[in-house]
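# Remarks on the overall topology
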Amino acid sequence: MIRALAALSLVMAGSVYAQHSETDAGHHELALSAELLELLRAEMREVATGMQAIPVSLAMADWHQIHLAATKIKSSYILKQSLTENQLAELKQVLPESFKEIDGEFHLRAGKLAEAAKERNAEGVAFQYSRMLENCTSCHSMYAQERFPGFLSEQPSHHH
């Protein structure tokens, strides 16, 4: 099971790609500058590291490590990082609302996961972790099919 969760977590290691279009299936590509694309990739790498640590820490009831990983994930939110005014304007213009919603929910759930770890609530940690993975796959299936071509055959999910 841990191997399966770790494999799913690897989905987080990707990036979004840099053209803007919407396909017939409702999938989108994001047109980000190289600078913002690199910031997003850096965030994805941070998130992937944290996501990979959580299932192993849960199996060992290492609540402190789960709390640390979840807190780092929550604070990695690119829209809350110190961006220049131009970068912030670019993000606001380019990122679709659905992307912002999925990303916002992901980081909200990371906070809930951190709280569950603080309470030593294994079921709560597992639940929030699974919902975070759903956010990952929803976002990647909509915005990162080029990076993750396995999502090309799936219909867009309207479940968040």
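Scroll up to find the structure.
Below is a short write-up of the structure. (Residues numbered from 1 in each chain as written. Predicted model: local features only at pLDDT ≥ 70, side-chain atom pairs only at ≥ 80, totals over all residues. Heavy atoms only, no water.)

## Details of the nonpolar core
- Counting residues in hydrophobic clusters, the biggest one holds 19 residues, and the most contacted among them are Met51, Ile54, Ile73, Phe106, Leu113, Val125 and Met132.
- For this core, the secondary-structure elements that each account for two or more residues are α2 (34–59), α3 (63–75), α5 (97–118) and α6 (122–143).
- Take this core: its biggest share by element is six residues, from α5.
- The contacts of Met132, once residues within four sequence positions are left out, are Met51, Ile73, Phe106, Arg109, Ala110 and Leu113.
- Grouped together as the second largest cluster of nonpolar side chains are 15 residues, Leu40, Leu83, Cys139 and Met142 included. (Core = buried A, V, L, I, M, F, W, Y, C linked by side-chain atoms within 4.5 Å. Buried < 20%, exposed > 50% of the residue type's maximum accessible area, 1.4 Å probe, protein only. Helix = DSSP H or I, 4+ residues; strand = E, 2+ residues; numbered from the N terminus. Contact = heavy atoms within 4.5 Å.)

## Some words on the environment of Val125
- Mapped onto the fold, Val125 is located in helix α6.
- Put simply, Val125 and Ala114 are 11 residues apart on the chain and 7.8 Å apart in space, counted from C-alpha to C-alpha.
- Each residue touching Val125, except ones within four places of it in the same chain, is listed here: Ile54, Leu58, Trp63, Ile66, Leu113, Ala116 and Ala117.

## So, the pattern of salt bridges
- Scanning all chains against the criterion turns up five salt bridges.
- The partner of Glu38 in a salt bridge is Arg45, and the shortest N-O contact between them spans 2.8 Å.
- A relative accessible area of 37% means that Glu38 is categorised as partly exposed.
- Assessed through its relative accessible area of 43%, Arg45 is described here as partly exposed.
- With a shortest N-O distance of 3.3 Å, Arg109 and Glu105 are connected by a salt bridge. (Salt bridge = Lys/Arg side-chain N within 4 Å of Asp/Glu carboxyl O.)

## Re the environment of Ala53
- Residue placement: Ala53 occurs in helix α2.
- When the C-alpha positions of Ala53 and Gln65 are compared, they lie 8.0 Å apart, and in sequence the two are 12 residues distant.

## Examining the packing of α2 against α3
- The N-to-C vectors of α2 and α3 enclose an angle of 160°; their axes lie 9 Å apart at closest approach. Overall, the two elements α2 and α3 adopt an arrangement that is roughly antiparallel. Between α2 and α3 lies a crossing whose hand is left-handed. When α2 is examined against α3, the residues Val47, Gly50, Met51, Ile54, Ser57 and Leu58 are found in contact with a partner set consisting of Trp63, Gln65, Ile66, Ala69 and Ile73.
- In the contact of α2 with α3, the residues fall into eight nonpolar, three polar and no charged. (Axes fitted to C-alpha atoms, helices over the stretch in contact; angles between N-to-C directions. Parallel < 35°, antiparallel > 145°, perpendicular 65-115°, else oblique. Left-handed = near helix turned anticlockwise from the far one by under 90°. Nonpolar A, V, L, I, M, F, W, Y, C, P; charged D, E, K, R; others polar.)

## Description of the side chain of Gln128
- Turning to its location among the elements, Gln128 is positioned in helix α6.
- Relative accessible area serves as the criterion here: at 10%, Gln128 is assigned to the buried category.
- Once residues within four sequence positions are removed from consideration, Gln128 is found in contact with Arg109, Lys112 and Leu113.

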